[in-house]
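# Remarks on the overall topology
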Amino acid sequence: MSKNRREELSVYLSNLKIAESKAKNSLSWDLYFMKICQLVSTRSSCLHRKVGAVIVRENRVLATGYNQPPSGFPHCESIGCVRDKLEIPSGENQEICFGLHAEQNALMQAAKFGISTNGGTIYTNFKPCSICARLIINAGIKRVVYLLDYPDPLTDYFFRKCNVAVVQINESNESEVKF
């Protein structure tokens, strides 16, 4: 760069005024990642509840997951739901299911690719069950953001005792409920 061009650039930069601004109509980070979570949930082949999960740290997506049987196993859409066949009510005997939960798949995707989730946030369209809560806690995730409730009081107890922040958001007003 010529000396004259450097001087012009120096003068320009010294006079440059940069105003701090946020883009108008920009979504909050929570709504942005929740929308991604909802998109991820559309990949699910569950016959009853389509759930997505997105793990984030420093406003960067680390991993995603959706409820689905293990890789290589037939989807419930093609073989039916074992829970329906055995008439198992929702929330009971979670171990009797062909699928993994979205949170489990997101955590395993991060582990498979060597991505630390420590200090992260997980977004999911349903509050995690107590099994997933245990995994989330041991993965070092410090914040859970969800849209719809799931009735598992043990989840609330685990998160409260282990100091995991829990936020329920509503797309229309972003109301928060924190533990």
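All of the points below concern the structure found in this document.

So, how was this worked out
- Residues numbered from 1 in each chain as written.
- Predicted model: local features only at pLDDT ≥ 70, side-chain atom pairs only at ≥ 80, totals over all residues.
- Heavy atoms only, no water.
- Buried < 20%, exposed > 50% of the residue type's maximum accessible area, 1.4 Å probe, protein only.
- Helix = DSSP H or I, 4+ residues; strand = E, 2+ residues; numbered from the N terminus.
- Phe/Tyr/Trp six-rings, centres within 6.5 Å; stacked < 30°, edge-to-face > 60°.
- Arc of directions from axis to C-beta.
- Contact = heavy atoms within 4.5 Å.
- Salt bridge = Lys/Arg side-chain N within 4 Å of Asp/Glu carboxyl O.

For E58, which is not glycine, the phi dihedral falls at a positive 50°. On the basis of relative accessibility, which here comes to 69%, the residue E58 falls in the exposed class. For N163, which is not glycine, the phi dihedral falls at a positive 55°. With respect to the helices, strands and loops of the structure, N163 is situated in the loop between α7 (153-161) and β5 (165-168).

Here we come to the packing of aromatic side chains. Two numbers describe a pair of aromatic rings. These are the distance of the centres and the angle of the planes. Enumeration over the complete set of coordinates arrives at five aromatic pairs. Between W29 and Y32, the aromatic rings sit 5.7 Å apart at their centres with planes inclined by 85°, giving edge-to-face as the arrangement. Here the residue W29 and the residue Y32 both occupy positions in helix α2 (residues 29-41), the gap between them amounting to three residues, near one helical turn. Residue classification places W29 among the partly exposed residues on the basis of a relative accessible area of 46%. Looking at Y32, the relative accessible area reads 40%, which means it is partly exposed.

In this section: α7. By the burial criterion, the buried members of α7 are T155, D156 and F159. Buried positions in α7, seen along its axis, are confined to an arc of 95° and lie on one side of it. Away from the buried face of α7 by more than 90 degrees, exposed residues P153 and K161 are located. Along its buried surface, α7 packs onto α6 (130-138), β4 (143-148) and β5. Just downstream of α7, N163 is the residue with a positive phi angle, here 55°.

Listing the buried residues of α6 in full gives S130, C132, A133, I136 and I137. Taken end-on, α6 shows its buried residues confined to a sector of 150°, consistent with a single buried face.

For the coordinates displayed, the defined rule picks out four salt bridges. With a closest N to O distance of 3.0 Å, K127 and D149 form a salt bridge. Remark: D149 occurs in the loop between β4 and α7 and K127 occurs in the loop between β3 (121-126) and α6; sequence separation between them is 22 residues. On the basis of relative accessible area, D149 is assigned to the partly exposed category, the value being 48%. A cluster of three or more residues bridged by salt bridges with shared partners is formed by K127, D149 and D156.

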